[in-house]
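As a plain string of letters, each chain reads:
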Amino acid sequence: MQTVLEPVAFAQESKPTPQPAPRVPRNVAVDVYRGFVMLLMMAEVLQLSRVAEAFPTSWFWKFLAYNQTHVAWAGCSLHDLIQPSFSFLVGVALPYSIASRLAKGASFGKLFAHALWRSLLLIILGFFLRSTHSAQTYFTFEDTLTQIGLGYPFLFLLGFRPPRWQWTALAVILTGYWLAWALYPVPGPGFDYQAVGVPSDWQHHYSGFAAHWNKNSNLGNAFDQWFLNLFPRGTPFVANEGGYLTLSFIPTLGTMILGLAAGRWLRAAAPGIPMKRFLIAGAIGIAAGLLLHFSGICPVVKRIWTPSWTLFSGGACFLLLAGFSWVIDVKGYKKWAFPLVVIGMNSIAAYLIAELLRDFVTESFRIHLGPDAFQFFGTGLEPFVQGAAVLFTYWLILFWMYRRKLYLKI
């Protein structure tokens with residue numbers, strides 16, 4: 001009688017079947033919020049300011065135009081919340097990203113190397129976008145992507161530390177940055193503001209202690225007059241026309257840290273929503289920013305990203321995230337948000353489309369449809385109608401990418 005050995009059991013013991021890594025679910029409310037932010041950015045093609053000029057007595061178009069324009073200096077419009085929201089959401093997404101990559105077996109070293117690579121790509125992409133109409137590479141660091149890239153490695157490291165580290169870092173960043181500006185000397189009464197690009201009719205000069213945060217006569221502009229002139233330039237750098245600064249990446253990191261806190265709260269509370277925390281954080285941020293502004297300690301100025309702006313805009317971001325989370329996750333109203341999900345899941349692609357395709361799409365409409373194709377509601381509404389067509393084209397491109405799962409990731 002022949003004995004037949006059964007090797008199957010031995011094979012199973014020596015080669016156990018690998019278990020798939022647990023899937024980290026996406027937070028739909030975060031995608032919707034991000035899609036809303038990118039929609040606001042892409043919607044610049046609607047040219048609401050031109051429409052408001054055509055209808056000077058209409059409060060409706062004036063209101064819309066105001067909220068599609070950055071305020072001149074202190075204050076806030078809806079448009080001013082685009083960049084802080086984008087930065088805030090980078091922080092919100094980080095705990096999910098780290099958890100997903102760790103679940104797939106990535107080591108800390110690989111993750112940190114990826115964070116550095118991502119940072120470099122964001123900085124270079126910012127250079128590229130700012131140089132599209134220049135005779136040579138325009139080295140500037142105030143672009144949204146570049147600002148995020150400069151602070152991202154520090155944010156990543158904080159993502160691996162306990163929460164007390166993030167709050168300590170936030171306090172050090174905002175206090176230290178405020179103190180550095182407060183100690184920088186205010187220009188004398190004979191200072192030539194027009195020589196640094198400030199119009200002669202500028203109505204937003206501060207006096208007293210708040211003068212430390214006046215346009216193009218501050219610590220940040222002094223830094224840029226040294227730093228940016230280290231790079232090849234067609235003409236020496238004197239000042240940024242809008243008042244934007246390289247050093248703003250430091251308080252922008254503070255905005256991303258607030259987002260990191262929000263992301264940790266979301267993951268810890270899942271599947272619930274830490275609504276109370278969001279509302280309290282939002283109220284504290286807005287109140288603290290306004291208190292610093294009206295007391296004269298530090299004005300709320302987005303263009304130079306003052307510490308009070310970090311707190312005020314961060315508070316607004318907490319409230320926006322709470323609102324989207326309440327609608328999407330608490331009330332369960334999701335179907336309406338699909339167009340925003342399409343945009344929010346491909347935010348870098350949306351950013352590039354808005355920056356690079358506007359002239360191409362607009363000129364294509366003119367060539368193939370004629371110069372008067374969008375005047376069927378009159379010349380006053382022509383910019384809006386044409387912009388709506390361009391905006392819809394943007395969305396169709398993103399929808400095509402969404403259907404084919406083509407996501408531009410850095």
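That block above? That's the structure.
Below, the structure is looked at part by part. Quick caveat, the model's predicted, so the values are computed rather than measured.

In this section: the overall build of the protein. In terms of regular secondary structure, the protein is built from 16 helices and 0 strands. Its C-alpha atoms give the protein principal-axis dimensions of about 110 × 60 × 45 Å. When burial is assessed residue by residue, the protein has 47% of its 410 residues classed as buried. When contacts within the protein are restricted to residue pairs at least 6 apart in sequence, those whose partners lie at least 24 apart make up 76%.

Further remarks concern the pattern of salt bridges. Counted under the stated rule, the structure contains 4 salt bridges. A salt bridge links D31 to R34; its shortest N-O distance comes to 2.9 Å. Residue D31 and its partner R34 are located together in helix α2 (residues 28-42), separated by 3 residues, close to a single helical turn. Between R130 and D143 there is a salt bridge, with its nearest N and O atoms 3.2 Å apart.

Here the focus is the environment of F374. With respect to the helices and strands, F374 occurs in the loop between α15 (358-369) and α16 (382-403). Given a relative accessible area of 9%, F374 falls into the buried group. Considered as a pair, F374 and I98 are 276 residues apart in the sequence and their alpha carbons are 47 Å apart.

Following both chains from N to C, one finds helix α14 (residues 347-356) and α16 inclined at 150 degrees, their axes separated by 11 Å at the closest point. As far as their axial angle goes, α16 and α14 are roughly antiparallel. By crossing handedness, the relation of α14 to α16 is classed as right-handed. For the pair α14 and α16, the contacting residues are A349, A350, I353 and A354 in the first and Y394, I397, L398 and M401 in the second.

Further remarks concern the nonpolar core. Formed by 80 residues in total, the largest nonpolar core has its most connected members in F88, L155, L321 and L398. The greatest single-element share of this core, amounting to 9 residues, is contributed by helix α5 (residues 82-103). For F88, the contacting residues outside a window of four places in its chain are Y33, T255, L258, G259, A262, G314, C317, F318 and L321. Residues W73, Y177, V198 and V301 belong to the second largest nonpolar core, which totals 14 residues.

So, about a nonpolar patch on the surface. The grouping of W59, F60 and F63 at the surface amounts to a nonpolar patch, some 410 Å² of accessible area in total. Position of F60 relative to the elements: it lies in helix α4 (residues 59-66). Residue classification places F60 among the partly exposed positions, given a relative accessible area of 39%.

Bringing the packing of α15 against α16 into the picture now. Two numbers describe how α15 lies on α16: the axes approach to 10 Å, and their chain directions differ by 120 degrees. Considered as vectors, α15 and α16 are oriented oblique to each other. Crossing geometry of α15 relative to α16 is assigned as right-handed. Along its contact with α15, which presents R358, V361, T362 and F365, the element α16 presents Q386, A389, V390, T393 and Y394.

Between the first and last C-alpha of helix α6 (residues 108-130) there are 33 Å, a value that for 23 residues agrees with the 33 Å anticipated at 1.5 Å per step. Buried residues in α6 make contact with α5, α7 (144-158) and α14.

Its place among the elements puts T255 in helix α10 (residues 249-269). Residue T255 is classed as buried on the basis of its relative accessible area of 0%. Each C-alpha atom of the pair T255 and L408 lies 24 Å from the other, and the pair is 153 residues apart in sequence. Here T255 is in contact with P84, S87, F88, W305 and T310, once residues within four sequence places are set aside.

Relative to the elements of secondary structure, R264 occurs in helix α10. Buried and unpaired, R264 has D329 as its nearest opposite-charge partner, separated by 18 Å. In terms of polar contacts, R264 uses its side chain to reach the backbone carbonyl oxygen of G159, at 3.0 Å. In this structure, R264 is in contact with P95, L158, G159, F160, R161, P162, P163 and Q166, ignoring residues within four places of it in sequence.

Turning our eyes to something else, we now look at the environment of V198. Inspection of the secondary structure puts V198 in the loop between α8 (163-183) and α9 (219-227). A C-alpha to C-alpha distance of 8.8 Å links V198 and G243, two positions 45 residues apart in sequence.

The next point concerns helix α11 (residues 275-294). Its 20 residues give α11 an end-to-end C-alpha distance of 29 Å, which sits within 8% of 28 Å, the value for a rise of 1.5 Å per residue. Residues of α11 that are buried in the fold lie against α10 and α12 (307-330). In the stretch just after α11, G296 is the one whose phi turns positive, near 85 degrees.

To continue, consider the packing of aromatic side chains. Within the structure shown, the criterion is met by 37 aromatic pairs. Measuring from centroid to centroid gives 5.6 Å for F141 and F231, while their planes differ by 50 degrees, and the two rings are tilted. You can see F141 sitting in the loop between α6 and α7 and its partner F231 sitting in the loop between α9 and α10, a full 90 residues away along the chain. Between W178 and F209, the ring centres sit 6.0 Å apart and the planes meet at 50 degrees, which makes this aromatic pair tilted. Remark: F209 occurs in the loop between α8 and α9 and W178 occurs in helix α8; sequence separation between them is 31 residues. Relative accessible area serves as the criterion here: at 38%, F209 is assigned to the partly exposed category. An aromatic cluster is defined as three or more aromatic residues linked by ring pairs; in this entry it consists of F127, F139, F141, F223, W226, F227 and F231. The ring of W165 has R161 sitting right over it, with the charged end atom 4.4 Å from the ring centre.

Each value, and the rule that gives it
- Residues numbered from 1 in each chain as written.
- Predicted model: local features only at pLDDT ≥ 70, side-chain atom pairs only at ≥ 80, totals over all residues.
- Heavy atoms only, no water.
- Helix = DSSP H or I, 4+ residues; strand = E, 2+ residues; numbered from the N terminus.
- Buried < 20%, exposed > 50% of the residue type's maximum accessible area, 1.4 Å probe, protein only.
- Contact = heavy atoms within 4.5 Å.
- Salt bridge = Lys/Arg side-chain N within 4 Å of Asp/Glu carboxyl O.
- Axes fitted to C-alpha atoms, helices over the stretch in contact; angles between N-to-C directions.
- Parallel < 35°, antiparallel > 145°, perpendicular 65-115°, else oblique.
- Left-handed = near helix turned anticlockwise from the far one by under 90°.
- Core = buried A, V, L, I, M, F, W, Y, C linked by side-chain atoms within 4.5 Å.
- Patch = residues over 30% accessible without salt bridge, like charges linked within 9 Å, V, L, I, M, F, W, Y side chains within 5 Å.
- Areas by Shrake-Rupley, 256 points an atom, 1.4 Å probe, with all protein chains shown as cover.
- Expected span 1.5 Å × (residues − 1).
- Lys, Arg positive; Asp, Glu negative; His and termini not counted.
- Polar contact = N/O pair within 3.5 Å; in protein donor to acceptor, adjacent residues only side chain to side chain.
- Phe/Tyr/Trp six-rings, centres within 6.5 Å; stacked < 30°, edge-to-face > 60°.
- Lys NZ or Arg CZ within 6 Å of the ring centre and 35° of its normal.

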